[in-house]
Every structure is written in structure tokens, then in C-alpha cells.
Amino acid sequence: MKPKVIVYKKVDQKVLDYIQETCDVVYFEGLHSQNYPEFLQELKNAQGILGSGLKVDKTLLDQAPQLKIVCNSSVGYDNLDVTELSNRGIMATNTPEVLNETVADTIMGLILSTARRMPELDQMVKSGQWTSNIGEKSFGLDVHHKVLGIIGMGGIGSAVSKRARFGFDMNILYHNRSRNEDAEQKYGATYCSLEDLLKQSDFVCLMTPLTPQTEKMMGEKEFKLMKESAIFINCSRGKTVDEEALIDALKTGEIHAAGLDVFVQEPVQEDNPLLSMKNVVTLPHIGSATYETRLKMAMLAATNLVAGLQGETPPTLIKAGVKVK
């Protein structure tokens, strides 16, 4: 008998076909209040689940006595209680690396569009307000040869460094839990304290995972350390930033602008002050959102799922100490 698995997000048919070769699949294109009771019913005898964003904690796991593996189709896994999963002998996987280049493209896009005020000026043209040559009030800031500070020099940080260094001759500062000697050698990145990075950088790019240690790591104190001409970029998780402190910093001119792909609440609330600020570029969490990359992520998640249920070690097992059943 094939093991039963639940796929709870929309995936390409190629991914479903691959999983269905070895598993019985219950497919939800997304979870919502109407189908969640059905999901919980199916969960009772499911051995694996694949998707992203679902809070997998003790409460959910108590309703999944046969579960063997949880596969996130994302690099982040702050939605998973990894300790609880490990204690129950349930494997947890994510999809790192395959999205690095695409997310790095998004980050560079945010840096450029924020510095050069592209969305704002696009609207000026489209609304018929471009009636003469633009003056200084519409000028932006240079990106080339500036200092880029990267908080979190993992795979995505390295991909951004490559673009910034060789595409824009930027000087790279970084702060990380440990030194990244590869980034230092390849891109001339300089390791420094968070305080020094914030003081010296023209662009501060936050790319840390969300953990208890990184929640609200950018707050009032940190924004006060930044240059008034500096631009803040966040493509990590919304909760890594004290959003109220960011709003205050933008309102008071403590920092020049911000480019955001993530927010504390997503979708972002319509009355969020960030949405009415011309010096803020906002995106709907599109970091890895290309067809090619999302297909790679889903296929990697599916590969993890099938491997785990066949008694093999999934390629990107989060908790290496969990024994494969």
C-alpha cells in the first residue's frame, strides 16, 4: 500500500505526478477556513505533508499520529516546531539553495528601485504629472560604489554580494553568526560588528532567518545608528523588524528610505502607514516568486518527501539528528 501524503499548496502537475508514483496524494491548492476541517480529517492517517506556512506544532501533531515527515517548500521554517518534531521522530525538511539567485535578484531590484525611486516616478509619469524636465526634488541616490551592509551572510547574502561587488562595484560589509571566508575571498566582504555595519553602510540588507534571537533585531536603537541617507532593505521575515520603530525612523528622517518584501502581518493591512510613504517600496513577499524557481522548490520538497517515506535520508533534512524510519 502506498503511503498517504497531503499536499496543501498549489504545485505544478509535474510535482504531483512525481509524488503520485509512490504515494497516495490528497491535494489542497491552499488551506482556508472552509477546507481546514477536511484537512484535519485527512491528517489523521497521513504519513507526510508538503506545503509552506502551516503552523506545525504540538497541537497539530497531536492530530497526526502516523506522520513521518513534514516538508516545507521554502527556505524558512519558522512555522515548524523542530524540537517537537524531533522529539516525535518526525523528519523536517526545507528547500534551501535553489532559490538563492532568484531572491538575490529581488533584493537588488529593491535596492535599485528604492534608491532611484522608480515606483514613485513611474506613477508620476502614468498619472500625467510629468510635464517638464524633472528637478532635484525627483532625484534619487547612486547605488554604484556605495557601501552595502549585509546582515546574514548565507547563500542568499553571498549571491547578493556577487551582484553588488561585480555589478555595481559596491564595498561589502557583513555581520553573521560566524565568519564567511568564502564571501571574504570572492567578494572582498569585510566582517564587522552589527553596530559598525549600521553606522557605515549606505544600504542595510537584512537576510537572517526568524528565530527567537533575531525577532525584532532591527529596532529603534539600530535605526538610530544608521546614516540619515541610508536605505533599509528587508527580504528575510517581517518579524525580524520592529515595524513601529521602522515607521518612526522613516517619518522622522532617521533613515532615507526602505524597500520591503516582508511585513509583520501578511497580507499587509490596508491602514499600515508604510503603504502611504513615498520613500518606501513595498512588494507582496515575492522573493522567490518566479515560475522556474517555485517549480524547483516544490520538486525539491517532493524529493525530500519521497526519500523520507522510502527510508532514505531526504536531501535537505533540517534536523540531521532525526533518524529516518
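Residues numbered from 1 in each chain as written. Predicted model: local features only at pLDDT ≥ 70, side-chain atom pairs only at ≥ 80, totals over all residues. Heavy atoms only, no water.

### Let's talk about the nonpolar core
Here is the rule we go by: In this text, buried Ala, Val, Leu, Ile, Met, Phe, Trp, Tyr and Cys residues form a nonpolar core when linked through side-chain atoms within 4.5 Å. For every residue, the accessible area obtained with a 1.4 Å probe (protein chains only) is divided by the maximum for its type, and the residue is called buried under 20%, exposed over 50%, and partly exposed between those limits. For helices the rule is a DSSP run of H or I covering at least 4 residues; for strands it is a run of E covering at least 2, with both sets numbered from the N terminus onward. For this analysis, residues touch if any pair of their heavy atoms sits within 4.5 Å.
If you look at the biggest cluster of nonpolar residues, it comprises 31 residues, and the most contacted ones within it are Ile107, Ile111, Leu148, Ile150, Val160, Ile172 and Phe203. In terms of residue count, the dominant contributor to this core is helix α5 (residues 100-115) (seven residues). When residues no more than four places from it in sequence are discounted, the contact partners of Leu148 are Ile111, Val160, Ala164, Met170, Asn171, Ile172, Leu173, Ser201, Phe203 and Cys205. Core analysis: the next-biggest nonpolar cluster, separate from the first, contains 28 residues, Cys192, Leu246, Ala258 and Leu274 among them.

### Observations regarding the layout of surface pockets
To keep things clear, this is the line we draw: A 1.4 Å probe that fits into a set of points on a 1 Å grid over the protein atoms alone but cannot get out defines a cavity; an open set with protein on both sides within 12 Å along at least five of seven lines defines a pocket, and lining residues are those with an atom within 4 Å of a point. Grid points are joined across faces, edges and corners, and a volume is the space filled by probe spheres set on the points. When residue character is reported, Ala, Val, Leu, Ile, Met, Phe, Trp, Tyr, Cys and Pro are called nonpolar, Asp, Glu, Lys and Arg charged, and the others, Gly included, polar.
Here the second largest pocket defines a volume of roughly 270 Å³. Along the walls of the second largest pocket sit 16 residues, with Leu121, Met124, Gln129, Lys137 and Ser138 positioned nearest its centre. In terms of residue class, the lining of the second largest pocket is made up of four nonpolar, eight polar and four charged.

### Here's the deal with the sheet that holds strand β8 (residues 190-191)
Backbone-to-backbone hydrogen bonds pair the strands of a sheet. The strands run either parallel or antiparallel. The line we're drawing: Any two strands are treated as partners once DSSP identifies two or more bridges connecting them. Axes here mean lines fitted to C-alpha atoms, for a helix over just the part in contact, with angles spanning 0 to 180 degrees between N-to-C directions.
In spatial order, the strands read β8-β7-β6-β9-β10-β11-β12; together these seven strands make up an open sheet with parallel pairing. Lying at the two open borders of the sheet, with one neighbouring strand each, are β8 and β12 (280-282). Bridging between strand β6 (residues 147-151) and strand β9 (residues 203-206) involves four bridges; their strand directions are parallel. Among the inter-strand pairings, Ile151 is bridged to a residue of β9, identified as Leu206. Across the sheet, α5 is in contact with β6, β9, β10 (231-234), β11 (257-260) and β12; its angle to β10 comes to roughly 150°. Its contacts with the sheet put helix α11 (residues 243-252) on β10, β11 and β12, and the angle it makes with β11 is roughly 145°.

### Focus: unusual backbone geometry
Put simply, Glu266 and Pro267 share a cis peptide bond, and its omega is -5°. Note on placement: Pro267 falls in the loop between β11 and β12. One non-glycine residue, Arg117, adopts positive backbone phi at about 60°. Residue position: Arg117 is located in the loop between α5 and α6 (118-126).

### Overview of empty space enclosed by the protein
The gaps left among the atoms become clear once a water-sized probe is rolled over them. The final tally for this structure, using the stated rule, is one cavity of 30 Å³ or more. What the largest cavity holds in volume is close to 50 Å³. As for the largest cavity, its lining consists of Phe232, Asn234, Gly238, Val241, Glu243, Leu246, Leu260, Val262, Phe263 and Leu274. Residue assignment for the lining of the largest cavity shows that the elements contributing at least two residues are β10 and α11. Residue classes in the lining of the largest cavity are distributed as seven nonpolar, two polar and one charged.

### With respect to the pattern of salt bridges
The criterion, for reference: When a carboxyl oxygen of Asp or Glu is within 4 Å of a side-chain nitrogen of Lys or Arg, the pair counts as a salt bridge.
Enumeration according to the criterion identifies 16 salt bridges in this entry. A salt bridge links Asp169 to Arg165, with the nearest nitrogen and oxygen atoms 3.7 Å apart. In this structure, a network of salt bridges that share partners links the residues Lys58, Asp62, Glu84 and Arg88.

### Some details on the pairing of β9
Stated precisely, the cut-off is as follows: By convention, a crossover is right-handed whenever its connection, traced from the first strand over the helix to the second and viewed with the strands pointing away, goes clockwise.
Here β9 shows a buried face lined by Phe203 and Cys205 and a second buried face lined by Val204 and Leu206. Looking at chain direction, β9 and β10 are connected through four bridges and run parallel. Residue pairing across strands places Phe203 opposite Ile231, the latter belonging to β10. For the handedness criterion, the β-α-β arrangement of β9, helix α10 (residues 220-225) and β10 is classed as right-handed.

### What to know about the packing of aromatic side chains
This is how it is decided: We call Phe, Tyr and Trp rings a pair once their centres come within 6.5 Å, taking the six-membered ring for Trp, and we label the pair stacked below 30 degrees between planes, edge-to-face above 60, and tilted otherwise.
Counted under the stated rule, the structure contains six aromatic pairs. Taking 5.3 Å as the distance between ring centres and 65° as the angle between the ring planes, the aromatic pair formed by Tyr174 and Tyr191 counts as edge-to-face. Taken together, the positions of Tyr174 in strand β7 (residues 171-175) and Tyr191 in strand β8 put the pair 17 residues apart, joining distant regions of the chain. Look at Tyr191 and you get partly exposed, because its relative accessible area is 31%.

### Comments concerning the packing of helix α1 (residues 13-20) against helix α12 (residues 291-309)
Operational definition: For classification, angles of less than 35 degrees are called roughly parallel, those exceeding 145 degrees roughly antiparallel, those between 65 and 115 degrees roughly perpendicular, and all remaining angles oblique.
Axis separation between α1 and α12 bottoms out at 9 Å; the angle between their running directions is 10°. Comparing their axes, α12 and α1 come out roughly parallel. Contacts between α1 and α12 involve Lys14, Val15, Tyr18 and Ile19 from the former and Tyr291, Leu295, Ala298, Met299, Ala302, Thr303, Leu305 and Val306 from the latter. Here the residues of the contact of α1 with α12 sort into 10 nonpolar, one polar and one charged.

### Side note on the environment of Arg117
Basically, it comes down to this: In protein, a polar contact means a hydrogen-donor-capable atom and an acceptor-capable atom, both N or O and within 3.5 Å, with residues adjacent in sequence counting only if both atoms are side-chain atoms; elsewhere, any N or O pair within 3.5 Å suffices.
Here the alpha-carbon distance between Arg117 and Leu206, two residues 89 residues apart in the chain, equals 20 Å. Not counting residues within four places of it along the chain, the set of residues in contact with Arg117 comprises Leu112, Lys137, Ser138, Phe139 and Gly140. A polar atom in the side chain of Arg117 sits 2.9 Å from the backbone oxygen of Lys137.

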